[in-house]
Amino acid sequence: MTSDNWDWAAPDGSTPASLDLRTDVPHPARMYDYYLGGKDNFPADRAAAAQVVQLLPSAPAGSRANRRFLGRAVRYAAELGIRQFLDIGTGIPASNNTHEVAQAANPDSRVVYVDNDPIVLTHARALLRGTPEGRTAYIDADFRNPDSILNAPQTKELLDFTQPIALLVVALLHFITDAENPGGLLARYQEALPPGSLLILTHGTGELMAPEIAANISETYARSGLNIVSRTHAELLGFFEGMDLVEPGVVPVHEWRPDPDNEDDRLMTREEVAGYAGVARKRS
């Protein structure tokens with residue numbers, strides 16, 4: 001444990017000797033940072049994101065709606081008494097990070113963040129600090145390797161797998177191709193969760209927009225060296241198989257238990273959001 005209750009390392013517990021930071025290649029975390037109005041991105045990220053915004057001008061607003069959903073879902077988990085969070089694909093720290101929302105409700109909450117972008121790691125120590133009562137850790141790892149995350153020393157130290165855990169997979173699975181078997185990978189994490197745990201998930205979709213726009217967005221990402229997969233509502237329901245969906249089920253991001261005082265969510269259309277969200281609880 002560090003003096004500020006913050007830890008980071010590679011999954012084997014070591015500290016990476018160097019960071020493989022490719023600033024010339026777009027990265028989803030840095031493009032997402034650009035959409036959110038952040039400054040932790042590079043020309044390659046901005047160029048790729050700007051092309052997406054040309055096709056879908058609401059992409060920044062949709063990203064902010066996705067971020068607001070994360071906050072609502074984490075608060076929901078905290079209200080259930082869940083004090084443990086595994087946030088995979090956390091992205092570059094921004095306002096209302098998972099630990100900030102969780103620890104505001106329950107100061108002793110513990111959060112393990114996971115991402116594979118070196119720029120996230122460079123900012124994590126400064127920005128991902130928790131309360132004195134809680135713990136926050138960061139693992140440099142990839143969602144595609146569940147064992148390295150579930151068996152990481154930080155995961156085992158901070159998370160008690162006999163008590164409910166909230167697993168966050170937010171704006172991540174659309175970067176996992178069908179060939180990489182996202183459902184099978186997700187099932188590995190779900191199997192490890194104890195009863196009463198939550199799965200919090202969002203996923204981009206072309207179902208809510210004109211087909212030609214969805215196709216052009218996919219092509220834009222592909223030209224930048226990134227695969228993005230649009231999945232249907234029915235396919236997303238499959239990710240929650242074996243769990244009990246929390247009302248209102250899998251819905252457009254801004255329609256999941258919206259804050260009635262948030263005008264941005266009230267005024268957004270489904271096409272502008274272009275993504276689904278859902279929360280489900282593992283059965284006892």
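Quantities reported herein were computed from a predicted structural model and do not represent experimental measurements.

Caption draft 1: Main features of the overall build of the chain. When helices and strands are tallied, the chain shows 12 helices and 9 strands. For the chain, whose C-alpha radius of gyration is 18 Å, the value lies close to the compact-globule estimate of 19 Å for 284 residues. Projected onto its principal axes, the C-alpha coordinates of the chain cover approximately 50 × 45 × 40 Å. The proportion of buried residues among the 284 residues of the chain is 52%. In the chain, once contacts between residues fewer than 6 apart in sequence are set aside, the share between residues at least 24 apart is 77%. On the chain, the mean spot of the 25 positive side-chain charges and the mean spot of the 38 negative ones are 3 Å from each other.

Caption draft 2: Inspection of the packing of helix 2 (residues 43-55) against helix 9 (residues 211-223) at higher detail. Where helix 2 contacts helix 9, the axes come no closer than 10 Å and their chain directions differ by 170 degrees. The angle between helix 2 and helix 9 falls in the class roughly antiparallel. Contacts between helix 2 and helix 9 involve Ala48, Gln51, Val52 and Leu55 on the former and, on the latter, Ile213, Asn216, Ile217, Thr220, Tyr221 and Arg223. In terms of residue class, the contact of helix 2 with helix 9 is made up of 6 nonpolar, 3 polar and 1 charged.

Caption draft 3: Focus on the side chain of Thr90. By the secondary structure assignment, Thr90 is in the loop between strand 2 (84-88) and helix 4 (98-105). Each residue touching Thr90, except ones within four places of it in the same chain, is listed here: Arg67, Tyr113, Val114, Asp115, Val120 and Tyr138.

Caption draft 4: Highlighting the packing of aromatic side chains. In total, this model carries 5 aromatic pairs according to the counting rule given. Pairing Phe143 with Tyr189 gives two aromatic rings, centres 5.0 Å apart and planes at 20 degrees, and the pair type is stacked. Of the two residues, Phe143 sits in the loop between strand 4 (135-140) and helix 6 (146-150) while Tyr189 sits in helix 8 (residues 182-192), which places them 46 residues apart along the sequence. As far as burial versus exposure is concerned, Phe143 and Tyr189 are alike and both buried. Members of the aromatic cluster, each reached through a chain of ring pairs, are Phe69, Tyr76 and Trp256.

Caption draft 5: Looking closely at the pattern of salt bridges. All told, the structure shown has 12 salt bridges when counted by the stated rule. Between Arg30 and Asp117 there is a salt bridge, with its nearest N and O atoms 3.0 Å apart. Remark: Asp117 occurs in the loop between strand 3 (110-115) and helix 5 (118-127) and Arg30 occurs in helix 1 (residues 28-35); sequence separation between them is 87 residues. Of the residues examined, Asp117 reaches a relative accessible area of 1% and is grouped as buried. Among the ionic contacts, a cluster of salt bridges with common partners joins Arg30, Asp45 and Asp117.

Caption draft 6: Focus on the pairing of strand 4. The buried fraction of strand 4 is high, at 5 of 6 residues. Pairing analysis gives 6 bridges linking strand 3 to strand 4, with the strands arranged parallel. In the strand pairing of strand 4, Asp115 is matched with Asp140.

Caption draft 7: Representation of unusual backbone geometry in the model. For the peptide bond that leads from Glu247 to Pro248, omega is 10 degrees, which places it in the cis range. With a phi close to 55 degrees, Ala171 is a non-glycine residue in the positive phi region. By the secondary structure assignment, Ala171 is in the loop between strand 5 (166-169) and helix 8. Since its relative accessible area comes to 21%, Ala171 is described here as partly exposed. Not every positive phi belongs to a glycine, and Ala274 is a case in point at roughly 55 degrees.

About the thresholds
Residues numbered from 1 in each chain as written. Predicted model: local features only at pLDDT ≥ 70, side-chain atom pairs only at ≥ 80, totals over all residues. Heavy atoms only, no water. Helix = DSSP H or I, 4+ residues; strand = E, 2+ residues; numbered from the N terminus. Rg over C-alpha atoms; globule rule 2.2 N^0.38 Å. Buried < 20%, exposed > 50% of the residue type's maximum accessible area, 1.4 Å probe, protein only. Contact = heavy atoms within 4.5 Å. Lys, Arg positive; Asp, Glu negative; His and termini not counted. Charge placed at Lys NZ, Arg CZ, Asp CG, Glu CD. Axes fitted to C-alpha atoms, helices over the stretch in contact; angles between N-to-C directions. Parallel < 35°, antiparallel > 145°, perpendicular 65-115°, else oblique. Nonpolar A, V, L, I, M, F, W, Y, C, P; charged D, E, K, R; others polar. Phe/Tyr/Trp six-rings, centres within 6.5 Å; stacked < 30°, edge-to-face > 60°. Salt bridge = Lys/Arg side-chain N within 4 Å of Asp/Glu carboxyl O. Pairing = 2+ DSSP bridges.

Keep in mind these values describe shape, not function.
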